[in-house]
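Descriptive analysis of the structure
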Amino acid sequence: MNISYNWLKDYLDIDLSAEKIGEILTDIGLEVEGMEEKESIKGGLEGLVIGEITYKEKHPNADKLSLTKVNIGQDSDLSIVCGAPNVAKGQKVIVATVGTKLYPTEGDEFKIKKAKVRGEVSEGMICAEDEIGLGTSHDGIMVLPEDTPVGTLARDYFKVEKDIVFEIGLTPNRSDATSHIGVAKDLAAALKINYGHSGRVKQPLVDDFKVDNKDLPIEVVVENTIACPRYTGVSIKGVTIKESPNWLKNKLNSIGVRPISNIVDITNFILHELGQPLHAFDLDKITDGKVIVKNLPESTPFLSLDEIERKLSSEDLMICDGASNGMCIGGVFGGLNSGVTETTINIFLEAAHFNPISIRRSSTRHLLRTDAAKVFEKGSDPNICVYALKRAAMLIVELGGGEIASEVIDIYPNKIEKKEINVGYKNIQRLIGVEIPATRIKEILAAMEIDIVQENATELTVAIPTNKADVLREADVIEEILRIYGFNQVPIPSQVRSALTYNPKPNPHELRNIVSNHLSDAGFNEMMGLSISQSKYYKEILDYVDSTLVYINNTSNIHLDVMRPTMLFSGLEAILHNQNRQNANLRLYEYGKTYVKNEKGYVEIQHFSLFLSGQRNNESWLVSEEKAVSFYTLKAQVLNVLNRLGLNGFQESAIQNEVLTYGLSYHRGPQTLVDFGKIKRSILKEMGIKTEVFYADFNWDNILKALKKHKIEYKALNKFPTSRRDLALVIDKKIKFSDIVIKARKTDKKLLKEINLFDVYEDTEKLGRDKKSYAVSFTFEDPSKNLKDKEIDKIMNKLISTYENELGAVIRK
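All of the points below concern the structure found in this document. Fair warning: this is a prediction, and the values are worked out from it, not measured in the lab.

Helix and strand counts for the protein stand at 21 helices and 42 strands. Against the 2.2 N^0.38 benchmark of 28 Å for 813 residues, the protein shows a C-alpha radius of gyration of 40 Å, more extended than a compact globule. Once the C-alpha set of the protein is aligned to its principal axes, its extents read approximately 125 × 90 × 65 Å. Taking the contacts inside the protein whose residues are at least 6 apart along the sequence as the reference set, 70% of them involve residues at least 24 apart. Summed over all atoms, the accessible surface of the protein reaches about 42900 Å², with 47% contributed by carbon and sulfur. Distance between charge centres in the protein, computed from 104 positive and 114 negative side chains, equals 10 Å.

Within this structure, the stated rule accounts for 23 aromatic pairs. Plain terms: the ring middles of F631 and Y662 are 5.7 Å apart, the flat faces sit at 65 degrees to each other, and that makes the pair edge-to-face. Linking F631 in helix α16 (residues 631-645) with Y662 in strand β36 (residues 660-668), this pair joins segments that are 31 residues apart in sequence. According to the relative accessible area criterion, F631 is buried, its value standing at 9%. Through pairs of rings, three or more aromatic residues link up here, namely F631, Y632, F650, Y662, Y666 and F676. Directly above the aromatic system of Y5 lies the positively charged group of K9, at a separation of 4.5 Å from the ring centroid. Positioned above the aromatic ring of F758 is the side chain of R724, whose terminal nitrogen or guanidinium carbon lies 5.2 Å from the ring centre.

Once that is clear, we can look at the sheet that holds strand β1 (residues 2-4). Strand-to-strand pairing in sheets goes through backbone hydrogen bonds, with the strands running parallel or antiparallel. Judged by pairing direction, the sheet is antiparallel, and its 3 strands sit side by side in the order β1-β13-β2 without closing on themselves. Single-partner strands in this sheet number two, and they are β1 and β2 (32-39). The mean inter-strand angle of the sheet, taken between neighbouring strand axes irrespective of direction, is 25 degrees. Two elements, β2 and strand β13 (residues 162-168), share 7 bridges in a ladder whose sense is antiparallel. From the neighbouring strand, K38 faces β13, where its bridge partner is D163.

On the surface, a cluster of negative charge is contributed by E31, E33, E36 and E167. Positionally, E36 belongs in strand β2. Taking relative accessible area as the criterion, E36 reaches 45% and is therefore assigned partly exposed.

Another point: the pairing of strand β38 (residues 693-699). Of all 7 residues making up β38, 7 are buried, and the element is well covered by its neighbours. Where strand β34 (residues 601-613) and β38 come together, 7 bridges link them in antiparallel fashion. Bridge assignment links L612 to a residue of β38, and that residue is F694. As paired elements, strand β37 (residues 671-679) and β38 share 5 bridges and run antiparallel to each other. Opposite K678, over in β38, you have F694 as the bridge partner.

Attention now moves to the sheet that holds strand β35 (residues 651-655). Judged by pairing direction, the sheet is mixed, and its 7 strands sit side by side in the order β29-β33-β34-β38-β37-β36-β35 without closing on themselves. Each edge of the sheet is formed by a strand with only one pairing partner; in this case those strands are β29 (525-526) and β35. With respect to the sheet, helix α13 (residues 508-521) is in contact with β29, β33 (586-598) and β34, its orientation differing from that of β33 by roughly 145 degrees. Strands in contact with helix α15 (residues 568-579) are β33, β34, β37 and β38; relative to β33, the strand with the most contacts, it is inclined by about 145 degrees.

Here helix α11 (residues 438-447) crosses helix α12 (residues 474-485) at 95 degrees, and the two axes come no closer than 10 Å. Our classification of the angle between α11 and α12 gives roughly perpendicular. Counted together, I441, I444 and L445 of α11 and V477, I481, I484 and Y485 of α12 form the full contact between these two elements. Residues that form the contact of α11 with α12 fall into these classes: 7 nonpolar, no polar and no charged.

Scoring rules and cut-offs
Residues numbered from 1 in each chain as written. Predicted model: local features only at pLDDT ≥ 70, side-chain atom pairs only at ≥ 80, totals over all residues. Heavy atoms only, no water. Helix = DSSP H or I, 4+ residues; strand = E, 2+ residues; numbered from the N terminus. Rg over C-alpha atoms; globule rule 2.2 N^0.38 Å. Contact = heavy atoms within 4.5 Å. Areas by Shrake-Rupley, 256 points an atom, 1.4 Å probe, with all protein chains shown as cover. Lys, Arg positive; Asp, Glu negative; His and termini not counted. Charge placed at Lys NZ, Arg CZ, Asp CG, Glu CD. Phe/Tyr/Trp six-rings, centres within 6.5 Å; stacked < 30°, edge-to-face > 60°. Buried < 20%, exposed > 50% of the residue type's maximum accessible area, 1.4 Å probe, protein only. Lys NZ or Arg CZ within 6 Å of the ring centre and 35° of its normal. Pairing = 2+ DSSP bridges. Axes fitted to C-alpha atoms, helices over the stretch in contact; angles between N-to-C directions. Patch = residues over 30% accessible without salt bridge, like charges linked within 9 Å, V, L, I, M, F, W, Y side chains within 5 Å. Salt bridge = Lys/Arg side-chain N within 4 Å of Asp/Glu carboxyl O. Parallel < 35°, antiparallel > 145°, perpendicular 65-115°, else oblique. Nonpolar A, V, L, I, M, F, W, Y, C, P; charged D, E, K, R; others polar.

Written out as structure tokens, the structure is:
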């Protein structure tokens, strides 16, 4: 929210610097996130001066140019080449001297340089109004009155105002500070309590408001008084739509609001002055002279001011005409066919109080985050509607002419009274941490216009102004007191208190760091995907049951409408993004959560995923042959992660599902530790990825459970040598190396330490159809003595017999 310092000073007598005011605003909870110096005319007309043309003749080398001499109050006149058709001797004009930077109404800024134009020296420029940001006309140079003093600086002549604009990070609970007067009141309270200020805020008077006639009566019916607790309005006839005066345009420009016309500008001015949104209707377009505040049926079309046809929800509160045609989404956005235009003569002016929840839902539903909606959803003050309406109507009559042509309509069936809250002195001291005298507390409450209804020795009963919509509890009142008393006046405790904490076992953060460091050392990059995703992935690419998806109402990006049920698409989106930018060799890992819904409720699971794509190694002269990553590249990384965590003794199963063409699952009983494999080509095609991608999905919750039972044991290094035996096994292709390992482990559990596959050979002619040869090494070790050949041979004979009988293997000799 932008607040103009000059505008604040219209309501508050202050002589403190803008920097000091910024500090005070931040101290009272209106955090100033930035300060910007602004001028009523961009560039401040620096370098521009009033001059008089003392000489003019036709340029000898150009038909449309003139040679002039211009007196700007210096020792000698300036020679300036001018192309304007209306230039003449004796004119008072605006001159841009050499070195001046001009900011035109349209186009980029430019700098005036001394130059030769068709052979003649030009020492400046005589300006048209659009060249210096004073208007849009480029018909000729700007000619000033004859009595304008020569040498006067343009910034003084046009009374350029300089201003400081505070950018305030307004929190959702500050419904009382959505306007300049709201901020002025908060600031006045702080200045009165801490700086000796009077605390007086000068609010505009509306005592002179009067009804000129009753020529344009309007009937108003409010059908939904819950969504619209108060509705006020008045008719104004005979207005003239025109440009706003400079003072009004300057105020709006200072806070970044574009001036449009006098009527629209007045409604915007009141919004930022009082925090009360208004809406002006073209009264002649209101069918039957009747306004109905109601809800329309679901999917009713409505053509809004931005020329977009929107389908209404039955929950949207609409301002309708007598034929129930929607003229405006109440408190949010106007309609195209009912607003004020250049031809408007008669106006119906609306000031209302709408239910914040209703406004928030309509605003987000239609992606219309207007200034009015932002005020209403914080909670506008229902008891300033008539005041704001009169203030705006008087300005319209002043700046647009016309007459007040109806009585003020005020439909307020259930008046919203000030909420009364009990506040105990002990609780004030307990929550703030310092004892504030009762007299001081009362002064602070009075400065904030919080009335004391009754009091005793231990507590106060206070009535909260209706502009403080979020002050609902005792703690909220104490917070208000603390804001004005000053956070910085609460002393810092001299004692430092701490408590011992014990990390859980296993420590999830420590384990994450261990795995992250390991993978980063192996050339992986950590990615952080969004927890929200597109539902089309799970409906069109994967076959998820719709009832299991966790949908969200994401108004910022309607395509991201579900919480992700899998880590898959976060990684694929990252791979596509990188491959589109010529970064094809990817090793990614991500920690995150998945979200699904079942009959028991919502399920949130921690995951850890790996993605591999592209070449195994980056291009280098050291690598003679490029090799793409494969399933076994991924398998090695999966095993390395599990080994780094100390997890072993898991079972292995082959898997094939809707995501993986083929893969493996490591599990301990029913608990899956990780599923990994090659992603199906059909999924990659839908995502627009042309290379193979390998994917591992670790169930991090199950890994943490498995590590709870993990024990670290110390074993001394073996003093005795190991022994190795090799076997060449001819087996069916369907037999996996894991089958060989399982049989070996069952055969001997004491001396057999390692089993390794070091060669695979396939040849149909020599081995037979559907056969392959595995070369497997077996390493034996006894920690108590040297092994003898006969001990090892005995185990090897058992292994050979097991492989021959149970796997149908043939031993190659």
